[in-house]
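# Structure at a glance
Each chain, letter by letter, is given below.
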Amino acid sequence: MAFSILFFIGLVCITTFNAMNRQLTKMENSALILSVFILNVNWSWIINFELQYITYSQSPLNFTAYVIHRTIIIPLLVVIGLNSIPQAASMGRKLIAVLISSFVLLLVIMVLQKFEVMKYENWNAFYSYLYYVLLHGFGYLVLYCYHSWVLKGGKS
Amino acid sequence: MTGIGNFSTNEISLILMNFGGYLLMFLFPKRLSREVACLSILSGLATGMLFDFTIGGGVLDFYRQNDTNHYEFFDVVYYALFGPAGYFFMYFYHMLHINKKSFIFYITAWALLALALQWVFTLLDILAYQNNYKLIYSFPIFLTTQAITGIFYEFITDGNQKEPA
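Residues numbered from 1 in each chain as written. Chains lettered and ligands numbered in written order. Predicted model: local features only at pLDDT ≥ 70, side-chain atom pairs only at ≥ 80, totals over all residues.

### Some remarks on the environment of A:I80
Residue and element names in this part refer to chain A. Basically, it comes down to this: Secondary structure counts use DSSP, requiring at least four H or I residues in a row for a helix and at least two E residues in a row for a strand, with both numbered from the N terminus. Residue burial is a threshold on neighbouring C-beta atoms within 10 Å of the residue's own C-beta, all placed from the backbone, with 20 or more meaning buried, 12 or fewer meaning exposed, and counts in between meaning partly exposed. Here, residue contact means that the backbone-derived C-beta atoms of the two residues sit within 7 Å.
Assignment of secondary structure puts I80 in helix α3 (residues 60-83). Judged by the 18 C-beta atoms lying within 10 Å of it, I80 falls in the partly exposed class. Along the sequence, I80 and C13 sit 67 residues apart, while their C-alpha atoms lie 8.2 Å from each other. For I80, the contacting residues outside a window of four places in its chain are C13, T16, F17 and M20.

Set out below in structure tokens:
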């Protein structure tokens with residue numbers, strides 16, 4: 001059940017990203033998705049498997065649901081969140097978009113918990129929410145570095 | 001989590017290979033634009049991590065990196081090796097003007113090279129297979145990752161990458 005639902009959510013994320021009016025170029029979006037994925041996959045491993053603050057089901061299908069969540073849903077939802085607001089928007093609007101986007105990520109976590117794919121041990125929803133907000137901040141940092149080092153650093 | 005573990009052949013090899021890989025990246029003539037070069041390194045890192053964290057750990061846990069099954073500093077050094085690999089994949093893809101006809105030969109060559117490198121990694125104790133995993137099982141994985149990277153290159157350059165000025 002968890003696998004089917006997470007697969008569906010993953011597909012919804014892909015189609016939403018494909019259909020939305022994106023504010024960033026495909027190069028920027030590619031750099032963002034890859035960077036967020038790299039950070040998130042390392043973070044997930046350390047928090048879940050090394051420190052075991054969150055434990056995951058050992059059932060193969062539930063683990064596949066976890067992999068879909070870690071690999072596709074989290075990076076795409078962050079990138080959708082960052083693409084939903086124009087780059088020229090005020091800090092307040094950007095912050096509201098980040099808070100809403102992080103809440104959507106938290107809802108997905110609730111689905112994972114409902115189907116017993118994951119369980120909080122020494123962790124809680126607030127920590128997850130804080131992590132997602134910071135992950136969006138990391139996304140903005142990647143964009144800043146991309147513009148400073150890659151685009152302005154030397155013209156192709 | 002482990003810090004450095006037992007500093008031996010695998011750690012020394014990883015330092016030397018990283019040094020060699022990144023040095024070559026800087027020494028080779030610049031043929032990729034900055035954007036493509038940046039994305040090539042990121043895609044190499046992401047692809048390597050995707051598979052290592054999926055089949056090299058968790059429920060499957062098909063291989064051990066370095067000294068333990070736990071995350072250690074030299075695992076990060078190992079992942080860093082995927083950066084130059086991604087860069088040179090796109091570098092030669094561009095330099096050799098790979099097209100639809102030569103695509104399969106190019107990704108097969110890279111998959112075989114990756115297979116040979118993985119074999120060397122097992123000799124150097126950087127990788128150790130477990131749970132009945134065999135080297136040949138990596139071949140379809142490499143073919144898939146190289147094909148996706150090739151398609152990704154075509155996507156970001158619209159199949160028309162220009163030389164940097």
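Following the structure, the description resumes.
### Some details on the packing of helix α4 (residues 82-95) of chain B against helix α6 (residues 138-157) of chain B
All names here are of chain B. Applied cut-off: Structural elements are reduced to axes, namely lines fitted to C-alpha atoms, with helices fitted over the stretch in contact, and the angle between N-to-C directions of any two is expressed from 0 to 180 degrees. The scheme is simple: roughly parallel for angles under 35 degrees, roughly antiparallel for over 145, roughly perpendicular for 65 to 115, oblique for anything else. Crossing chirality is assigned from the near helix's rotation relative to the far helix, an anticlockwise turn below a right angle marking it left-handed and a clockwise turn marking it right-handed. All amino acids are sorted into three groups, where Ala, Val, Leu, Ile, Met, Phe, Trp, Tyr, Cys and Pro are nonpolar, Asp, Glu, Lys and Arg are charged, and the leftover types, Gly among them, are polar.
Axis separation between α4 and α6 bottoms out at 11 Å; the angle between their running directions is 60°. Classified by the angle their axes make, α4 and α6 are oblique. By crossing handedness, the relation of α4 to α6 is classed as right-handed. Touching G86, F89, M90 and Y93 of α4 are Q146, T149, G150 and Y153, all from α6. The residue makeup of the contact of α4 with α6, split by class, is four nonpolar, four polar and no charged.

### Digging into the UniProt feature "transmembrane region" (unreviewed entry) in chain A
Using the following cut-off: UniProt positions are given in the numbering used here, feature names are shortened, and annotations may be inferred rather than shown by experiment.
According to UniProt, the feature "transmembrane region" (unreviewed entry) maps to residues 6-24, 31-51, 63-83, 95-113 and 125-146 of chain A in the numbering used here. Helix makes up 100% of residues 63-83 of chain A and strand makes up 0%, while its end C-alpha atoms are separated by 29 Å.

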